[in-house]
Amino acid sequence: KDNFLKGMVRGRSDPYAKVRVGGRVFRSRVIKEELNPRWNEVYEVIVDNIPGQDVEFDLFDKDVDKDDFLGRSCPHRPQSPSLCVPVPADILPLPILLPTHPHSRPPGGLQAMMGPPAHPPVPPQVLHTNSLLQPARGEELSAALLSVFVDQAADLPLRKGSKAPSAFTSLAVGNTSFKTKTCAPSAEPVWDEGFSFLIKRPHKESLQLQVKEEGGQPLGTLSLPLPQLLASEGLALDGWFPLAGGGPGTQILLRAQLRVLVPQQVEAGAGSGSLEGGDTDPQPVETRGEEEEEEQSGMGGLRQRLPRMDSPPEPAEGPRLQLTLWYHRDERKLVAIVHACRELRAAAKELPDPYVSLVLLPDRGRGTKRKTGVQRKTLNPDFNERFEWDLSLEEVSRRQLEAQVKSTLSFMTREKEVLGKLHLNLAQVDLSDGGTHW
């Protein structure tokens, strides 16, 4: 309970959590005046498989003058009553990824660095499941772990024609980067170092590698697209790679391997089947007088952009809307992902600025309304936005989802053009598999 400003102000706690693991510290958001907080935040970190790498959860009460310590949970450490206050796991649902992280050359040489993949490669399925499990706050969940072992280089360019460089290697994927030690002057430096990257979109990202001399002058570069790894046997590439910008024989010996991080929720049947219980033909209807209120309907809900995903084939023709519907039993939430529309038809001559409005009937109040962002001047918009409603499964089964595709007619007016509409009886929709449907 709050007791700050020397007792002048009293009230409920404003709790937040700090998570310490793998040499990193994560801090949750503050939840105002709540004694039973739920943060629903996820942090990802690569943890070395060595003793002593524990995870600690510290709880604090945010105050004006000084934050109060509320307790600590150390799940894998004997607890001291004076220091640790057990925190139930359902209060701090913070999954930690624990893959192997090679930092040194393993016994047996380069080939022994990684064994065969622990899971079959199913990146599209993993990306789809991640989009369903994605917390409302936080970064996009990772789909794979990239492990890179840098062995040595050969035939590096000499400085001023005769002096061997003191070289190091820098590696980067997106905003994450590492670099090796700097070796003594040599045209064939040996590093024997390994690094790991959490990969969010293995089908799009690439590994950027540069060999540089101590002063920063590049000696050779390598760009390795991760789709090349996805197409390789064992999701791995191992051997000598030529370095662009070096000499004719400049190359580097390395091993790169992907491991797919498969969520427990991945099921073989996810994404199959069809929606039932709904009229899916877009129907032109008259604009209702509730549009002005709807302008702010997205503010009360949770909305975020999501990556594109693979889905069942589109129907051959006609206006259509692509949706994912799923009930998150652990969080007791209905999840809807609006992916895209195709072949919309507009009455006006100019291309529309479409967006999608969602309402859970029979309640048309602001609390059940959600809407996507507006896509400009297109009949084939892509949205890829996720929405949530905090409802029990029993309550969801009594609702209908109304989806309307609309467009603003004029910059000077709030009048809307309805491009199409559908109703889905949620009691007749399979919400267990998170399938995506047109």
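Above this text is the structure in question.
Analysis parameters
- Residues numbered from 1 in each chain as written.
- Predicted model: local features only at pLDDT ≥ 70, side-chain atom pairs only at ≥ 80, totals over all residues.
- Heavy atoms only, no water.
- Pairing = 2+ DSSP bridges.
- Helix = DSSP H or I, 4+ residues; strand = E, 2+ residues; numbered from the N terminus.
- Axes fitted to C-alpha atoms, helices over the stretch in contact; angles between N-to-C directions.
- Core = buried A, V, L, I, M, F, W, Y, C linked by side-chain atoms within 4.5 Å.
- Buried < 20%, exposed > 50% of the residue type's maximum accessible area, 1.4 Å probe, protein only.
- Contact = heavy atoms within 4.5 Å.
- Polar contact = N/O pair within 3.5 Å; in protein donor to acceptor, adjacent residues only side chain to side chain.
- Phe/Tyr/Trp six-rings, centres within 6.5 Å; stacked < 30°, edge-to-face > 60°.
- Salt bridge = Lys/Arg side-chain N within 4 Å of Asp/Glu carboxyl O.

Undergrad: How would you explain the sheet that holds strand β8 (residues 167-173) if you had to name every residue and give the values?
TA: Taken in spatial order, the 4 strands line up as β9-β8-β11-β12 in an open sheet, and their pairing is antiparallel. The sheet terminates laterally at β9 (176-179) and β12 (218-225), the two strands that pair on one side only. Across the sheet, the mean angle separating the axes of adjacent strands is 15° when strand polarity is ignored. Two strands pair when backbone bridges link them, and β8 and strand β11 (residues 206-213) are joined in this way by 6 bridges, in the antiparallel orientation. From the neighbouring strand, Phe-168 faces β11, where its bridge partner is Lys-212.

Undergrad: Residues and numbers for the nonpolar core, please.
TA: Counting 31 residues, the largest nonpolar core has Leu-146, Phe-197, Val-211 and Ile-252 as its most contacted members. For this core, the elements supplying multiple residues, two or more each, are β7 (144-154), β8, β10 (190-199), β11, β12, α2 (226-230), β13 (236-242) and β14 (251-260). Other than its neighbours up to four places away in sequence, Leu-146 contacts Val-173, Phe-195, Ser-196, Phe-197, Ile-199, Leu-207, Leu-226, Leu-229, Ala-256, Gln-257 and Leu-258. Counting 26 residues, the second-largest nonpolar core is a separate cluster that includes Leu-344, Phe-383, Val-396 and Leu-426.

Undergrad: So what's going on with the sheet that holds β13? Residues and values would help.
TA: Sheet architecture is open: 4 strands sit in the order β10-β7-β14-β13, paired in antiparallel fashion. Only two strands of the sheet have a single neighbouring strand rather than two, namely β10 and β13. Strand-to-strand twist of the sheet, defined as the mean angle between neighbouring strand axes without regard to direction, takes the value 20°. The pairing of β7 with β10 spans 8 bridges and is classified as antiparallel. Along β10, the bridge assignment pairs Gln-152 with Val-190.

Undergrad: How would you summarise the environment of Arg-386 if you had to cite specific residues and measurements?
TA: Note on placement: Arg-386 falls in strand β21 (residues 382-390). Separated by 63 residues in the primary sequence, Arg-386 and Leu-323 place their C-alpha atoms 9.9 Å from one another. A distance of 2.7 Å separates polar atoms of two side chains, one belonging to Arg-386 and the other to Glu-388.

Undergrad: Tell me about the pairing of β12, and name the residues and values.
TA: Relative to β12, β11 runs antiparallel, the two being bridged by 7 bridges. Bridge pairing in β12 places Gln-208 opposite Ser-223. Between β11 and β12, which pair antiparallel and follow one another directly, the connecting turn spans 4 residues, one of which, Gly-216, has a positive phi of 105°.

Undergrad: Please set out the packing of aromatic side chains residue by residue, giving values where relevant.
TA: For the structure shown, the criterion picks out 5 aromatic pairs. Each ring, one from Phe-60 and one from Phe-69, has its centre 5.6 Å from the other, and the planes form 65°; the classification is edge-to-face. On the basis of relative accessible area, Phe-60 is assigned to the buried category, the value being 15%. Judged by its relative accessible area of 43%, Phe-69 falls in the partly exposed class. Where Phe-178 meets Phe-197, the ring centres are 5.1 Å apart and the plane angle is 70°; that geometry is what we call edge-to-face. Of this pair, Phe-178 sits in strand β9 while Phe-197 sits in strand β10, placing them 19 residues apart in sequence.

Undergrad: If you had to explain the pairing of strand β4 (residues 24-27) to someone new, which residues and values would you point to?
TA: Alignment of strand β3 (residues 15-21) against β4, held across 4 bridges, turns out to be antiparallel. The partner of Val-19 across the bridge, within β4, is Phe-26. Hairpin connection, β3 to β4: the antiparallel pair is bridged by 2 residues, and Gly-22 has positive phi, about 60°.

Undergrad: Describe unusual backbone geometry, with residues and values.
TA: With an omega dihedral of 10°, the bond running from Leu-361 to Pro-362 counts as a cis peptide bond. Position of Pro-362 relative to the elements: it lies in the loop between β19 (354-361) and β20 (370-371). With phi around 55°, Asp-155 is a residue other than glycine that occupies positive phi space. Along the chain, Asp-155 falls in the loop between β7 and β8.

Undergrad: Which residues make up the pattern of salt bridges, and what values go with them?
TA: Enumeration according to the criterion identifies 16 salt bridges in this entry. Across the pair Arg-320 and Glu-343 runs a salt bridge whose closest N-O atoms are separated by 3.5 Å. Here Arg-320 is found in strand β17 (residues 320-328), whereas its partner Glu-343 is found in the loop between β18 (333-342) and β19, with 23 residues between them in sequence. By relative accessible area, Glu-343 is classed as partly exposed at 33%. When the shortest N-O distance is used, the salt bridge between Glu-395 and Arg-399 registers 2.8 Å.

Undergrad: Describe the environment of Glu-385, listing the residues and the values that go with them.
TA: As for its position among the elements, Glu-385 is in strand β21. For Glu-385, a relative accessible area of 3% translates into the label buried. Spatially, the C-alpha atoms of Glu-385 and Ile-337 are 5.5 Å apart, while their sequence positions differ by 48 residues.

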